[in-house]
Amino acid sequence: WMIRWSLSGMETPLAVALVLAGFVAFTEGKQWGSRPVRTGALWALAALTRPEAVFLLVLWGMFLVIDTDSREGVRRLIAGVIPPALIYGGWLLFARLYFGTFWPNTLAAKTAGGVGFDYFVDTMLRQVKIVGATDAALAGAMVAAMLFGGARLWPKRLLAQRFLPWVWVGCVPVLYVMRGVPVLSRYLVPLMPILAWLAWRAVERWWAGEEPVPELRRGAALLGIGLASLALVQNLLVYNNVVLPQVRSFGAGLRQSLIPWGEWFDQHTKPGVSIAAPDIGAIGYYSNRRVVDFAGLVTPAMIPLLEKEQPEAVVSNFSFAAVSRPEFLVDRSTRAYDLMSRSPFSAALVPLGNAAVPNLGVARPEAAVYSFYRVDWAVYDSLAARR
């Protein structure tokens, strides 16, 4: 999954690097948490990159407070809080003054619409499948170590901060479920290296212990080689059979669909027009036109609509007209010009063309068809007045 998202031009690799760097700083020194300034600064930067790291910062602060039972604990608390307060607190202040809210718009958009017990179960199962596809061997070994490793997994004297990575890795998937986030593999990529690290620590203590017994360590080394080989084979199979075919087919499909249409809008429309679309990247980039985002990521006013209706209904019912009146509209469905049959305002749509993409991602392997329309708002107003 890391290779999959490292080539996407998104923030995932940076988030993983900052989270890992923070954990390196966290585990430095005589005991975990003895480098609070560096740890807090790195995780604050990670929080600017991915919202999941905000929860990591919250946990970091909570465990610092719990461990303030001595002068050294108070010193760690003060040193650990100052960098996040300056870095992330400064960003929150700017966001509140500039955007009018502390809450990231992308986070609000991602959680719009996912409700119900079945949805929550499906979200949890999806996360299990994503992690299991590449890390089942390591996760299984960690569970076995926790069941059979006993007291040797934990030092005798334990700061509360020792539990931080376990709580973060365990609670983020639960937060996704509670918030109704439609989880993709990239949302879990920052967690997976930490899961692997915890798994290797657990099996090392289970198999080899802390005492340097040569015979025991030789056996542990052989078991480690076997586990590493199994994990490597598992990842290679997923990369070769799942990731690579999807990336190749999607890339080719994008070059034959949304990219040419983005260029068409650039060449055949006036600079001041706007285009409403469910997937805005290629259209917005290649058209050089303003976009109205049906998903709500860059059009925050869409989010209240998405909380009341499904995205398809927002488009077919023209609910977005209360937010913006774009000159052009892009609809995504399973067949061409599907909006003409499902919308009561189809007479206001002038079809321009369509284009198909073979898939939208590993989790969405089905083909998608984009249909492009010009919107006649005078006709819409006439139809709406009759309703």
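For the structure, see preceding data.
Report follows, based on the coordinates. Note that the structure is predicted; figures quoted are calculated from it, not measured. (Residues numbered from 1 in each chain as written. Predicted model: local features only at pLDDT ≥ 70, side-chain atom pairs only at ≥ 80, totals over all residues. Heavy atoms only, no water.)

1. Digging into the overall build of the protein
Here comes step 1: Of regular secondary structure, the protein possesses 17 helices and 5 strands.
Here comes step 2: When burial is assessed residue by residue, the protein has 44% of its 387 residues classed as buried.
Here comes step 3: Within the protein, counting contacts between residues at least 6 apart in sequence, those at least 24 apart form 66% of the total.
Here comes step 4: For the protein, the centre of its 36 positive side-chain charges and the centre of its 26 negative side-chain charges are spaced 4 Å apart. (Helix = DSSP H or I, 4+ residues; strand = E, 2+ residues; numbered from the N terminus. Buried < 20%, exposed > 50% of the residue type's maximum accessible area, 1.4 Å probe, protein only. Contact = heavy atoms within 4.5 Å. Lys, Arg positive; Asp, Glu negative; His and termini not counted. Charge placed at Lys NZ, Arg CZ, Asp CG, Glu CD.)

2. Here we look at helix H17 (residues 377-386)
Here comes step 1: Turning to H17, its buried residues number three or more, namely Trp377, Tyr380 and Leu383. Relative to the axis of H17, the buried residues are bounded by an arc of 120° and lie together on one face. Facing away from the buried side of H17 by more than 90 degrees, the exposed set consists of Ala378, Ala385 and Arg386.
Here comes step 2: Looking at the buried residues of H17, the elements they touch are strand S5 (368-375).
Here comes step 3: One side-chain oxygen of the residue at the start of H17 lies 3.2 Å from the amide nitrogen of alanine 378, identifying that residue as aspartate 376. (Arc of directions from axis to C-beta. Polar contact = N/O pair within 3.5 Å; in protein donor to acceptor, adjacent residues only side chain to side chain.)

3. Quick notes on the side chain of glutamine 234
Here comes step 1: Here glutamine 234 lies in helix H11 (residues 214-255).
Here comes step 2: Overall, the relative accessible area of 16% leaves glutamine 234 in the buried class.
Here comes step 3: Here alanine 133 takes part through its backbone oxygen, which lies 3.1 Å from a polar atom of the side chain of glutamine 234.
Here comes step 4: Apart from residues lying up to four places away in sequence, glutamine 234 is in contact with Gly132, Ala133, Thr134, Asp135, Ala136 and Ala137.

4. Side note on the packing of helix H2 (residues 12-26) against helix H3 (residues 36-49)
Here comes step 1: Axis separation between H2 and H3 bottoms out at 8 Å; the angle between their running directions is 165°. When the axis of H2 is compared with that of H3, the two are roughly antiparallel. The handedness of the crossing between H2 and H3 is left-handed. Here H2 contributes Leu14, Ala15, Leu18, Val19, Ala21, Gly22, Phe23, Ala25 and Phe26 to the contact with H3, which in turn contributes Arg38, Thr39, Leu42, Trp43, Leu45, Ala46 and Thr49.
Here comes step 2: Looking at the contact of H2 with H3 residue by residue, the classes come out as 12 nonpolar, 3 polar and 1 charged. (Axes fitted to C-alpha atoms, helices over the stretch in contact; angles between N-to-C directions. Parallel < 35°, antiparallel > 145°, perpendicular 65-115°, else oblique. Left-handed = near helix turned anticlockwise from the far one by under 90°. Nonpolar A, V, L, I, M, F, W, Y, C, P; charged D, E, K, R; others polar.)

5. A few points about the sheet that holds strand S1 (residues 274-277)
Here comes step 1: One open sheet holds the 5 strands; their spatial order is S2-S1-S3-S5-S4, and the pairing between them is mixed. The outermost strands of the open sheet, each flanked by one partner alone, are strand S2 (290-293) and strand S4 (349-357). The sheet shows a mean angle of 20° between the axes of neighbouring strands, taken without regard to direction.
Here comes step 2: Sheet topology note: the S1/S2 ladder contains 4 bridges and is parallel. Considered in S2, the bridge of isoleucine 275 is made with valine 291.
Here comes step 3: Running over the sheet, helix H12 (residues 258-268) touches S1, strand S3 (328-333), S4 and S5 and is turned about 145° from S4. (Pairing = 2+ DSSP bridges.)

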